[in-house]
Structure formats: structure tokens, C-alpha cells
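Read off the chains here:
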Amino acid sequence: MKILYFAWMRQRIGASKEDIDLPGDVTTVDALVDWLVARGENYSEAFVKREVIRAAVNQEYVQFDHPIKNSDEIAFFPPVTGG
Amino acid sequence: MIRVQEDDFDIGAELRTLTEGDTSVGAVASFTGLVRDMAPIDGQSREIRTMTLEHYPGMTEKKLAEIEAEANSRWPLAASLIIHRYGTLEPGDQIVFVACASSHRQAAFDACQFLMDWLKTEAPFWKLEDTDTGGVWVDSRESDNQAAARWGKSPDTDG
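Quantities reported herein were computed from a predicted structural model and do not represent experimental measurements.

Caption draft 1: Here's a closer look at the interface of chain A and chain B. Chain A puts 24 residues into the contact, and the matching count from chain B is 29 residues. Note on chain A versus chain B: buried area summed over both sides is about 2200 Å², and carbon and sulfur give 51% of it. Remark: the boundary between chain A and chain B carries three salt bridges. Counting every contact that joins chain A to chain B gives 17 residue pairs in polar contact (both at pLDDT 80 or more). Top contributing element to the side of chain A that touches chain B by residue count: helix α1 (residues 7-13) of chain A, with four residues. Split by residue class, the side of chain A that touches chain B holds 13 nonpolar, seven polar and four charged.

Caption draft 2: Local environment of the sheet that holds strand β1 (residues 2-5) of chain A. All names here are of chain A. Read from one edge of the open sheet, five strands run β2-β1-β5-β3-β4, paired in mixed fashion. Strands at the two margins of the open sheet, each flanked by one partner only, are β2 (17-19) and β4 (60-62). Going from strand to strand, the sheet's axes swing by 25° on average, the running direction of each strand aside. Summarising the sheet, strand β3 (residues 54-57) and strand β5 (residues 73-77) pair through four bridges and their orientation is antiparallel.

Caption draft 3: Examining the nonpolar core more closely. Grouped together as the largest cluster of nonpolar side chains are 36 residues, with contacts concentrated most on V29(A), L32(A), F47(A), F76(A) and F77(A). For this core, the secondary structure elements donating two or more residues are β1, α1, α2 (29-37), α3 (41-46), β3, β4 and β5 of chain A. Setting aside anything within four residues of it in sequence, one finds V29(A) in contact with A55(A), V57(A), V62(A), Q63(A), F64(A), H66(A), I68(A), I74(A) and F76(A). Judged by nonpolar contacts, the second largest core, of 30 residues, contains V35(B), L89(B), A107(B) and W151(B).

Caption draft 4: Quick look at helix α2 (residues 59-74) of chain B. All names here are of chain B. In this model, α2 (16 residues) spans 23 Å end to end at C-alpha, consistent with the 22 Å of a helix rising 1.5 Å per residue. For α2, every residue scored as buried is listed here: M59, T60, K63, L64, I67, E68 and A71. Buried residues along α2 cover an arc of 165° about the axis, so they all sit on one side.

Caption draft 5: The sheet that holds strand β2 (residues 27-34) of chain B, seen in detail. Residue and element names in this part refer to chain B. One open sheet holds the four strands; their spatial order is β1-β6-β8-β2, and the pairing between them is mixed. Edge positions in the sheet fall to β1 (2-5) and β2, since each has one partner strand and no second. Shown here is a sheet whose adjacent strand axes are inclined to one another by a mean of 10°, direction ignored. Pairing between β1 and strand β6 (residues 77-85): four bridges, direction parallel. Within β6, the position partnered with V4 by the bridge is H84. Packed on one face of the sheet, helix α1 (residues 11-19) meets β1, β2, β6 and β8 (94-102) and runs near 25° to β8.

Caption draft 6: Here's a closer look at the packing of aromatic side chains. This structure, assessed with the given rule, holds 15 aromatic pairs over all chains. An angle of 90° between the planes, with centres 5.0 Å apart, marks the rings of F47(A) and F76(A) as edge-to-face. Placement of the pair is F47(A) in the loop between α3 and β3 and F76(A) in strand β5, with a sequence separation of 29 residues. Here F47(A) and F76(A) have matching classes, each one buried. With a centroid separation of 5.5 Å and 80° between ring planes, the pair formed by W75(B) and W151(B) is classed as edge-to-face. Here W151(B) lies in the segment after α4 (142-149) and W75(B) lies in the loop between α2 and β6, a separation of 76 residues in the sequence. The same class applies to W75(B) and to W151(B), which are both buried. An aromatic cluster is present here, built from Y5(A), Y43(A), F47(A), F64(A) and F76(A) joined pairwise through their rings. In this structure, R54(A) packs its charged tip against the face of Y61(A), placed 4.0 Å from the ring centre. Sitting above the plane of the W118(B) ring, R74(B) keeps its charged end 5.3 Å from the centroid.

About the thresholds
Per chain, residue numbering runs from 1 following the sequence as it is written. For naming, the first written chain is A and the first written ligand is 1, with later ones following in the order written. Restriction of local features to residues with pLDDT of at least 70 applies here, the model being predicted, together with a cutoff of 80 or more for giving and counting side-chain atom pairs; totals for whole chains, interfaces and linings are based on all residues. Working from all heavy atoms in the structure, the side-chain values ignore hydrogens and water. When checking whether two residues touch, look at their non-hydrogen atoms; a contact exists if any pair is within 4.5 Å. Accessible-area loss on putting two parts together, using a 1.4 Å probe and summing over both, is the definition of buried area adopted here. Here, a salt bridge means any Lys or Arg side-chain nitrogen found within 4 Å of an Asp or Glu carboxyl oxygen. Counted as a polar contact is a pair of N or O atoms within 3.5 Å, where, for protein atoms, one must be capable of donating a hydrogen and the other of accepting one, and residues adjacent in sequence contribute only when both atoms are in side chains. The helix count covers DSSP runs of H or I at least four residues long, the strand count covers runs of E at least two residues long, and both are numbered beginning at the N terminus. Residue polarity is assigned by list, with Asp, Glu, Lys and Arg as charged and Ala, Val, Leu, Ile, Met, Phe, Trp, Tyr, Cys and Pro as nonpolar; anything else, Gly included, falls into the polar class. By the convention used here, strands pair only if DSSP detects at least 2 bridges between them. Where helices are involved, their axes are fitted lines through C-alpha atoms of the stretch in contact, as for all axes, and angles between N-to-C directions lie from 0 to 180°. Here, the term nonpolar core denotes a set of buried Ala, Val, Leu, Ile, Met, Phe, Trp, Tyr and Cys residues that are joined through side-chain atoms within 4.5 Å. For every residue, the accessible area (1.4 Å probe, protein chains only) is compared with the maximum for its type, and the residue is labelled buried under 20%, exposed over 50%, or partly exposed between those bounds. In this scheme, a helix's expected span is set at 1.5 Å multiplied by one less than its residue total. The arc in question is the one spanned by the directions pointing from the helix axis to the C-beta atoms. Stacked, edge-to-face and tilted are the three classes for Phe, Tyr and Trp ring pairs, Trp counted by its six-membered ring, which pair at centre distances within 6.5 Å; planes under 30 degrees apart are stacked, over 60 edge-to-face, the rest tilted. Geometrically, a lysine NZ or arginine CZ counts as sitting over a ring once it is within 6 Å of the ring centre and also within 35 degrees of the ring normal.

Here you go:
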């Protein structure tokens, strides 16, 4: 699975993207965040306010209960501030 | 048409191209967003040295195309254009440009406002303001969410 991070999520995690092998029991965005947070302090700090983070699966906004699979591209980022 | 680019753009040239050869157009409305030299940070007005725009290549173009298609489904537009820049900009620089052409002014005005309101809450861009005390990510504003909400709920927003 390809994971992308933007803006201060990218800075806190220390990477703009990474490829992971999605564990079989991680089947939703929420479960993926739990799994990432357990990997280290940089992740737990980046996801500390989970309710403000937006997620996109294959470049479409999703809720955190959205199902995911290993072939997906998933992105995590703060609320957008363009324009 | 949508364009996501690092380069600056020429508003006059863009507006001429938008309606070239279409004499059914009676109204063109446009909006240009510029980098301000001051911004409120932690309750204080701070000087902005540069502003860096980050975006999500691929999703940005997809979202802007969806927003433009939605505007064209809601108003009778002869032509529309969204240009959004990324990279490092300075105060006074142009950031974003939207333009809508129609037979009459109301559709052109309304569609422009709609494009900006939805772009602000849906297009994956993030602004980093560089001040004399370091870089600060711009916070999203509740007023932007309210402005977008007046046009009805976006089909794909996660709220």
C-alpha cells in the first residue's frame, strides 16, 4: 500500500510517502491509523488529533470507517487551505 | 479548463482567450487571489516573507475538474477557467484565478463565487507562511466551510 502525507502531517512523520505491506487484519482507514500510531512517536504525534485529519483513498475523500486494501493509494493530510 | 502550475499567469491574456470567438458571451466575471504581506498568527499580526503552497498532484487536478464540472452543471456557462499555483510565492504574487463566461452576469458572478468557495474546502492545497520566527501552516477557517455550505453539500466531502 502506498501512503502519502502532506503539510504538517508530512513534517511530523518525517516522510512524504512510504510503501507498506498492509497486515491482513487492517481493513479500514481507522485500523490503519491505529497500526501506524503503534509504530512510533512521530506517527502518534502526527495523528494526535485524529478528528481533524482528512483521509483520501485513491484520491477521493473518505470517512475513517472506509474499507482499504493493499493495492490502494491512501493519503493523510490536514484540512485544506488553498485558494 | 483547469491548470495547476508553478508559473505566474497573465489575467488579461487568460480573459481574452476564455471568450475568443464566442460572441454569445455577454458577461465575464473573475476572481484573483493574491499573497498578503501580513497575516494573523496566534492572535498577532505578523509580516509574511514568503508563502509556499503544497498540493497533492493528481488529486488536485481531479478535484478542480470535478468542481468546474459541478459549476457547469449548475449555471449556463460558455466557458470557465481555474488556475492555481504552487511553490514559493511572495507578497503581491497571484495565487489563484477563476473566471466564468456566460450570456448574462448573474450566472458568471455566482459561478465564480461557487468555484472559489468549493475550491477552498475541497482542493488539496496547503499554505505555509514564512515569517521572521519561522514557518507557520495556515489553519483552515470555519467561515470558509460556511461559505462552501451555502451552495449545498459537496457529493464527496467527509464533513
